Amino acid sequence: MTDLVKFVQDEFVTKKDFPEFSAGDTITVYYEIKEGNKTRTQFFRGVVIQRRGSGATETFTIRKMSGTVGVERIFPVNLPALQKIEVNKRGKVRRARIFYFRELTGKKARIKEKRN
């Protein structure tokens, strides 16, 4: 049964070509918002806290600071409203899910950049 579900997801779900990113990376997500009969593009720039799931159900969580308030948003990878994803910085972290990042403030909340 699971093989059948996986086959249907691979065949019928349209894959978008997004760059590789992981936890700790700073990315910008451009997505479409519908207001009445108008549509506009809005972006959300922040640090990726986690990626979870696989295939059609994969999601990623982004956290940004809006003034002094932390804002998190969960995006499904296969969301039709997603237009593009830009990777701004590659972060060097040791974990796949950096929930400890929520409690950090000031200079401690910085993530080192990966060196090539």
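Scroll up a little and you will see the structure.
These figures come from a predicted structure and were not determined experimentally.

Give a description of the packing of aromatic side chains that names residues and reports values.
Taken as a whole and assessed by the stated rule, the structure comprises five aromatic pairs. Measuring from centroid to centroid gives 5.0 Å for Phe21 and Phe60, while their planes differ by 75 degrees, and the two rings are edge-to-face. Of this pair, Phe21 sits in the loop between α1 (2–12) and β1 (26–35) while Phe60 sits in strand β3 (residues 59–66), placing them 39 residues apart in sequence. An identical accessibility class is assigned to Phe21 and Phe60; each is buried. Measuring from centroid to centroid gives 6.1 Å for Phe44 and Phe75, while their planes differ by 65 degrees, and the two rings are edge-to-face.

Tell me about the pattern of salt bridges, residues and numbers included.
Note on pairing: side chains with opposite charge can pair once their charged atoms come close. Inspection of every chain in the model, using the stated rule, returns six salt bridges. As a salt-bridge pair, Arg51 and Glu58 come within 2.6 Å of each other at their nearest N and O atoms. Assessed through its relative accessible area of 26%, Arg51 is described here as partly exposed. Across the salt bridge formed by Arg63 and Glu72, the nearest N and O atoms sit 3.0 Å from each other. Overall, Glu72 belongs to the partly exposed group, its relative accessible area being 32%. Each of Arg63, Glu72 and Arg102 takes part in one network of salt bridges that share partners.

Residues and numbers for a positive patch on the surface, please.
On the surface, Lys92, Arg94, Lys112 and Arg115 cluster together into a positively charged patch. Among the secondary structure elements, Lys112 is positioned in the segment after β5 (82–89).

Would you mind going over the side chain of Thr61 in detail, with residue names and values included?
Of note, Thr61 is situated in strand β3. When its relative accessible area of 4% is taken as the criterion, Thr61 is described as buried. In this view, Thr61 contacts Val47, Val48, Ile49, Gln50, Glu72, Arg73 and Ile74; residues no more than four positions away in its chain are not counted.

Outline the sheet that holds β1, listing residues and values.
The five strands lie next to each other as β4-β3-β2-β1-β5, forming an open sheet whose pairing is antiparallel. Strands at the two margins of the open sheet, each flanked by one partner only, are β4 (69–76) and β5. This sheet shows a mean twist of 40 degrees between the axes of neighbouring strands, independent of strand direction. With 10 bridges connecting them, β1 and strand β2 (residues 38–52) associate as antiparallel partners. Residue pairing across strands places Ile33 opposite Arg40, the latter belonging to β2.

Just give me the short version of the nonpolar core, but keep the residues and values in it.
Counting 13 residues, the largest nonpolar core has Ile27, Val29, Phe60, Ile62, Phe75 and Ile85 as the members making the most contacts within it. Broken down by secondary-structure element, the contributors of at least two residues to this core are β1, β2, β3 and β5. The dominant element in this core, judged by the number of residues it contributes, is β1, at three residues.

Reading guide: rules and limits
- Residues numbered from 1 in each chain as written.
- Predicted model: local features only at pLDDT ≥ 70, side-chain atom pairs only at ≥ 80, totals over all residues.
- Heavy atoms only, no water.
- Phe/Tyr/Trp six-rings, centres within 6.5 Å; stacked < 30°, edge-to-face > 60°.
- Helix = DSSP H or I, 4+ residues; strand = E, 2+ residues; numbered from the N terminus.
- Buried < 20%, exposed > 50% of the residue type's maximum accessible area, 1.4 Å probe, protein only.
- Salt bridge = Lys/Arg side-chain N within 4 Å of Asp/Glu carboxyl O.
- Patch = residues over 30% accessible without salt bridge, like charges linked within 9 Å, V, L, I, M, F, W, Y side chains within 5 Å.
- Areas by Shrake-Rupley, 256 points an atom, 1.4 Å probe, with all protein chains shown as cover.
- Lys, Arg positive; Asp, Glu negative; His and termini not counted.
- Charge placed at Lys NZ, Arg CZ, Asp CG, Glu CD.
- Contact = heavy atoms within 4.5 Å.
- Pairing = 2+ DSSP bridges.
- Axes fitted to C-alpha atoms, helices over the stretch in contact; angles between N-to-C directions.
- Core = buried A, V, L, I, M, F, W, Y, C linked by side-chain atoms within 4.5 Å.

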